[in-house]
Amino acid sequence: MREALLGTPLARVCCTVLALVVLAATAGPWLSPWDFDAVDWDAIDAAPSAAHWFGTDGVGRDLLVRTLTGARLSIVIALAATLVSCLIGIPWGATAGYLGGAADMAMMRVVDGLYALPFILLVILLVVLFGRNIVLLFAALGAVSWLDLARIVRGQTLAAKNEAYVEAARALGVGTPGILRFHIVPNIIGPALVYATLTVPGVIIAESFLSFLGLGVQEPQTSWGVLIADGAREMRSSPWQLAFPATMLAVTLFALNVLGDRLRDALDRR
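Residues numbered from 1 in each chain as written. Predicted model: local features only at pLDDT ≥ 70, side-chain atom pairs only at ≥ 80, totals over all residues. Heavy atoms only, no water.

Caption draft 1: Representation of the packing of aromatic side chains in the model. One pass over the full model with this rule turns up 2 aromatic pairs. Each ring, one from phenylalanine 54 and one from phenylalanine 244, has its centre 4.1 Å from the other, and the planes form 5°; the classification is stacked. You can see phenylalanine 54 sitting in the loop between helix H2 (9-31) and helix H3 (63-99) and its partner phenylalanine 244 sitting in helix H11 (residues 240-268), a full 190 residues away along the chain. A relative accessible area of 26% places phenylalanine 244 in the partly exposed class. Aromatic side chains tryptophan 92 and tryptophan 146 sit 5.6 Å apart centroid to centroid with 65° between the ring planes, which places their arrangement in the edge-to-face category. In this pair, tryptophan 92 is assigned in helix H3 and tryptophan 146 in helix H6 (residues 134-160), connecting sequence segments 54 residues apart. The exposure class of tryptophan 146 is buried, given its relative accessible area of 6%. (Phe/Tyr/Trp six-rings, centres within 6.5 Å; stacked < 30°, edge-to-face > 60°. Helix = DSSP H or I, 4+ residues; strand = E, 2+ residues; numbered from the N terminus. Buried < 20%, exposed > 50% of the residue type's maximum accessible area, 1.4 Å probe, protein only.)

Caption draft 2: Just the environment of alanine 169, in detail. With respect to the element layout, alanine 169 can be found in helix H7 (residues 164-171). Between the C-alpha atom of alanine 169 and that of phenylalanine 182, which follows or precedes it by 13 residues, the distance is 9.7 Å.

Caption draft 3: Fine view of the packing of H3 against helix H4 (residues 101-116). Running from amino to carboxyl end, H3 crosses H4 at an angle of 145°, the nearest separation of the two axes being 7 Å. Where H3 crosses over H4, the two elements pack in a sense that is left-handed. Across the interface between the two elements, Trp92, Thr95, Ala96, Gly97 and Leu99 of H3 pack against Gly101, Ala103, Asp104, Met107, Met108, Val110 and Val111 of H4. Among the residues making up the contact of H3 with H4, the classes are represented as 8 nonpolar, 3 polar and 1 charged. (Axes fitted to C-alpha atoms, helices over the stretch in contact; angles between N-to-C directions. Left-handed = near helix turned anticlockwise from the far one by under 90°. Contact = heavy atoms within 4.5 Å. Nonpolar A, V, L, I, M, F, W, Y, C, P; charged D, E, K, R; others polar.)

Caption draft 4: Quick peek at the side chain of threonine 199. Its place among the elements puts threonine 199 in helix H9 (residues 199-212). Overall, the relative accessible area of 13% leaves threonine 199 in the buried class. Among residues more than four places away in sequence, those in contact with threonine 199 are Thr82, Ser85 and Ser145.

Caption draft 5: Spotlight on the pattern of salt bridges. Counting across every chain of the model gives 7 salt bridges. Here arginine 151 ties to aspartate 112 by a salt bridge, and the two come within 2.4 Å at their closest N and O atoms. Taken together, the residues span a long stretch of sequence, with arginine 151 in helix H6 and aspartate 112 in helix H4 at a distance of 39 residues. For arginine 151, a relative accessible area of 40% gives the class partly exposed. Note that glutamate 167 and arginine 170 form a salt bridge whose closest N and O atoms lie 3.0 Å from each other. Linking glutamate 167 with arginine 170, this pair stays in helix H7, spanning 3 residues, or about one helical turn. Residue glutamate 167 is classed as partly exposed on the basis of its relative accessible area, which comes to 39%. Residue arginine 170 is classed as partly exposed on the basis of its relative accessible area of 32%. (Salt bridge = Lys/Arg side-chain N within 4 Å of Asp/Glu carboxyl O.)

Caption draft 6: Quick peek at a nonpolar patch on the surface. On the surface, Val39, Trp41 and Ile44 cluster together to form a nonpolar patch covering roughly 320 Å² of accessible area. With respect to the helices and strands, tryptophan 41 occurs in the loop between H2 and H3. Taking relative accessible area as the criterion, tryptophan 41 reaches 68% and is therefore assigned exposed. (Patch = residues over 30% accessible without salt bridge, like charges linked within 9 Å, V, L, I, M, F, W, Y side chains within 5 Å. Areas by Shrake-Rupley, 256 points an atom, 1.4 Å probe, with all protein chains shown as cover.)

Here you go:
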């Protein structure tokens, strides 16, 4: 694991970038003299300066603090949705792969059916039924992101269920729940978690896209998607409102994808 994350200069740079982003998102808003929703009436729509390093938005709020606060929310949403996907996808895929036969076919047809539902349509339906809130966003993103993980875990389980240690457990009379809990899942959890790391950047993109469309995070809260949507409307007159949050989003996604690919490659070589 350490070699995968720190084995190349690019991987070390990506780890450093992610550490700095997380540190800045955690401590930055506390250290800044500006609150994320505080208005500077003397610097409305102001360009970057010594007082406001990233400039201000159209109502005079400090863009640096709002970008770091948005990073905090986007990352928390991504981690929470990824956790939800693991809690659903790993048991679902392991159960389907181990049981096989009709149970496997029925469970995977459920996965295929959910794949057929347009993601945006599903989110719009949830918004109409339950309103806009962060918990809903967690549920919507987690309810979709577990599908790929379930398929990956199923494939790992199909290979693991014929191993000698599983056969020995069956011979000793261990039931299906015990075999899944103590033998199958512990031996496939490594590959599953590696592939789950690739879910994090995908969820960040999805959250940003939903917030860009106005279906995600709502004012006075902010996220990278909200900031990019605001910046896109003002990009002709105030390009910094788009440039800074979009750059932080792009850099973070690049680092996450590079590290996820490194972990996957390291696993494949085993």
